[in-house]
Amino acid sequence: MKSAVETLNPTRVRLTVEVPFEELKDSLDAAYKKINQQVTVKGFRKGKIPARVIDQRFGRGAVLEEAVNDALPKFYTDAVNEAELSPLGQPEVDITELKDGETLNFTAEVDIRPALEIPDYSGIEVEVDAVEVSDEDVDKSVEQLRERFASTAPVERAAEDGDVVTIDLEAKVDGEVLEDGVASGVSYTIGSGELLDGIDDAVTGLEAGGEATFASELKGGSAAGKEAEVTVKVTQVAKRELPELDDDFAQLASEFDTLEELRADSRKRLADMKQYDQATQAQERVLDKLLELVEVPVPEKLLEDEINTRKHNLEHHQLGQMGLTLDKYLELQGKTAEEFDAETREAAVKGIKTQFVLDELVKQEKLNVNQEELTEHLMRRASSSGMSPDQFAQAVVEQGQVPLLVGEVARGKALAVVVEKATVKDTNGETVDLDDEDEAEAGTEAAEASAESAESAEAKGEEKGEEKAEG
């Protein structure tokens, strides 16, 4: 087999491949064997039909077509490996010549990872928010804890904002009560915004036994997104009572003996959170600066696929779970379809560029991922997915996604290398010394958030290329 590569643009090549006919022998034998198992010819046992009889009865062309379809993926893969290419997506294959007994010639056009030149990045400088925890921050944190330990006591008066009401609900659409539109004994805090739009106004001012009807768009259930007539009946009004902020509360709500100790711990936890946020912010801003330094051509087909994937995931998974349509989501966000498309495209471009650049850095810096790093990352991903580590690990292995996880960790390490060489200062002008653990974890998350697309496309392309390369 002989092959040659023609560069069509920085992200696309055309392979020209010439295959001597003798190299098709194994595929021809396999084609005859396969056809033998599929057809019957009178006078011959199944599977024992001579090749010449198959040629006469079914045509040599059918055999050649089967053989070529079987052989093309291998010859394509060999040509890709010989040229040391990194293909993205499925190739467009065109058989240019097929002479029985002589030769098979074909071309294959495919997108590839562009060759990148990473310049010196040691001069990158970024500014991040200073880690400052105010007394107001601590007050808010303690107040949130206090809210969790609030109790309720029934009262004989009209419901007010902040009260907890027990209610019965009935929803009708077009005058018909929905099967899943009836609920009894629902506990609801007025002003929490946790139920239907309009319910706060409806129940405020009602005493136990009172009822009201209001219109609201349903957020879930069989009639999600439809306008419904909702009747709400209040069966009980209860006042929320917050515990006193004293040492007794500290002992009730924590392991501390005094309120001052509880406040000190809240201050430390808030500082730790802000330090982690600061590390994440540093990673994101350093990444933006790094991308500005590198010219990264983006394959149009890969970009188109990534945009469609992002739109599909948003519309059919994230919004679907919330009972929202894309149009409703855009209305709530105050965005036009054109603005949404522009933002999605911008995010997709950044994601692809991020992966290309960080993967190149992984090679340039000769970074490896050890078992401990992979396990730690797997545990974090399992936690965020709501699965146990064992369940998540099993799913990763079964779906062949171990290389994807390895890539995420490696890219995080590459970004951490760049951050380590960058100058990071806070808004007070102080140089920030990022914690190594926070830096590595935040780096993995920052890289992971914007750079899964190209790897998915590459894996998909290799898989399809192995299965079949059709003209």
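None of the values given here were measured: they were computed from a predicted structure.

**Q** Now, about the layout of surface pockets: what can you tell me, with residues and values included?
**A** Within this model, the second largest pocket holds a volume of roughly 450 Å³. Taken together, 21 residues make up the lining of the second largest pocket; nearest its centre are Ser-86, Arg-113, Asp-359, Glu-360 and Lys-363. At the level of secondary structure, the elements contributing two or more residues to the lining of the second largest pocket comprise α10 (337–364) and α13 (402–421). The element that contributes the greatest number of residues to the lining of the second largest pocket is α10, accounting for five residues.

**Q** Which residues make up the packing of helix α1 (residues 25–38) against helix α2 (residues 51–58), and what are the values?
**A** Running from amino to carboxyl end, α1 crosses α2 at an angle of 70°, the nearest separation of the two axes being 11 Å. With respect to their mutual orientation, α1 and α2 come out roughly perpendicular. At the point where α1 passes α2, the crossing takes the left-handed sense. Side by side, α1 and α2 meet where Tyr-32, Ile-35 and Asn-36 of the first sit next to Ala-51, Ile-54 and Asp-55 of the second. Looking at the contact of α1 with α2 residue by residue, the class counts come to four nonpolar, one polar and one charged.

**Q** A description of the nonpolar core should follow, citing residues and the corresponding values.
**A** By size, the foremost hydrophobic cluster in this structure holds 37 residues, and its most contacted members are Tyr-121, Ile-124, Leu-290, Val-357 and Leu-361. Top element by residues in this core is α10. It accounts for seven residues. If we skip the residues at most four places from it in the chain, Val-357 touches Leu-116, Ile-118, Leu-290, Leu-291, Val-294 and Val-296.

**Q** Run through the side chain of Asp-163, naming residues and quoting values.
**A** Tracing the backbone through its elements, the reader meets Asp-163 in the loop between β6 (151–154) and β7 (164–173). You can call Asp-163 buried: its relative accessible area is 4%. At 2.7 Å, the side chain of Asp-163 forms a polar contact with the side chain of Arg-157. Excluding residues within four positions of it along the chain, Asp-163 makes contact with Arg-157, Ala-158, Tyr-188, Thr-189, Ile-190, Val-237, Ala-238 and Lys-239.

**Q** Would you mind going over unusual backbone geometry in detail, with residue names and values included?
**A** Glycine aside, a negative phi is what most residues show, and trans is what most peptide bonds show. A positive phi is found at Asp-174, a non-glycine position, where the angle reads about 55°. Within the fold, Asp-174 resides in the loop between β7 and β8 (176–189).

**Q** Which residues make up a negative patch on the surface, and what values do they have?
**A** Together, Asp-247, Asp-248, Asp-257, Glu-260 and Glu-261 give the surface a local cluster of negative charge. Within the residue set of the negative patch, elements represented by two or more residues are α6 (247–253) and α7 (259–293). The topology assignment puts Glu-260 in helix α7. Its relative accessible area of 56% is what places Glu-260 among the exposed residues.

**Q** Residue-level account of the packing of aromatic side chains, with values.
**A** Counting across every chain of the model gives one aromatic pair. For the pair Phe-149 and Phe-249, a centre-to-centre distance of 6.2 Å together with 85° between the ring planes defines the contact as edge-to-face. On the criterion of sequence distance, the pair formed by Phe-149 in the loop between α4 (135–148) and β6 and Phe-249 in helix α6 is long-range, its members being 100 residues apart. Phe-149 sits in the partly exposed class, given a relative accessible area of 30%. Taking relative accessible area as the criterion, Phe-249 reaches 2% and is therefore assigned buried.

Cut-offs applied
- Residues numbered from 1 in each chain as written.
- Predicted model: local features only at pLDDT ≥ 70, side-chain atom pairs only at ≥ 80, totals over all residues.
- Heavy atoms only, no water.
- 1 Å grid on protein atoms, 1.4 Å probe; cavity = no way out; pocket = protein on both sides within 12 Å on 5 of 7 lines; lining within 4 Å.
- Points joined across faces, edges and corners; volume = space filled by probe spheres on them.
- Helix = DSSP H or I, 4+ residues; strand = E, 2+ residues; numbered from the N terminus.
- Axes fitted to C-alpha atoms, helices over the stretch in contact; angles between N-to-C directions.
- Parallel < 35°, antiparallel > 145°, perpendicular 65-115°, else oblique.
- Left-handed = near helix turned anticlockwise from the far one by under 90°.
- Contact = heavy atoms within 4.5 Å.
- Nonpolar A, V, L, I, M, F, W, Y, C, P; charged D, E, K, R; others polar.
- Core = buried A, V, L, I, M, F, W, Y, C linked by side-chain atoms within 4.5 Å.
- Buried < 20%, exposed > 50% of the residue type's maximum accessible area, 1.4 Å probe, protein only.
- Polar contact = N/O pair within 3.5 Å; in protein donor to acceptor, adjacent residues only side chain to side chain.
- Patch = residues over 30% accessible without salt bridge, like charges linked within 9 Å, V, L, I, M, F, W, Y side chains within 5 Å.
- Areas by Shrake-Rupley, 256 points an atom, 1.4 Å probe, with all protein chains shown as cover.
- Salt bridge = Lys/Arg side-chain N within 4 Å of Asp/Glu carboxyl O.
- Lys, Arg positive; Asp, Glu negative; His and termini not counted.
- Charge placed at Lys NZ, Arg CZ, Asp CG, Glu CD.
- Phe/Tyr/Trp six-rings, centres within 6.5 Å; stacked < 30°, edge-to-face > 60°.

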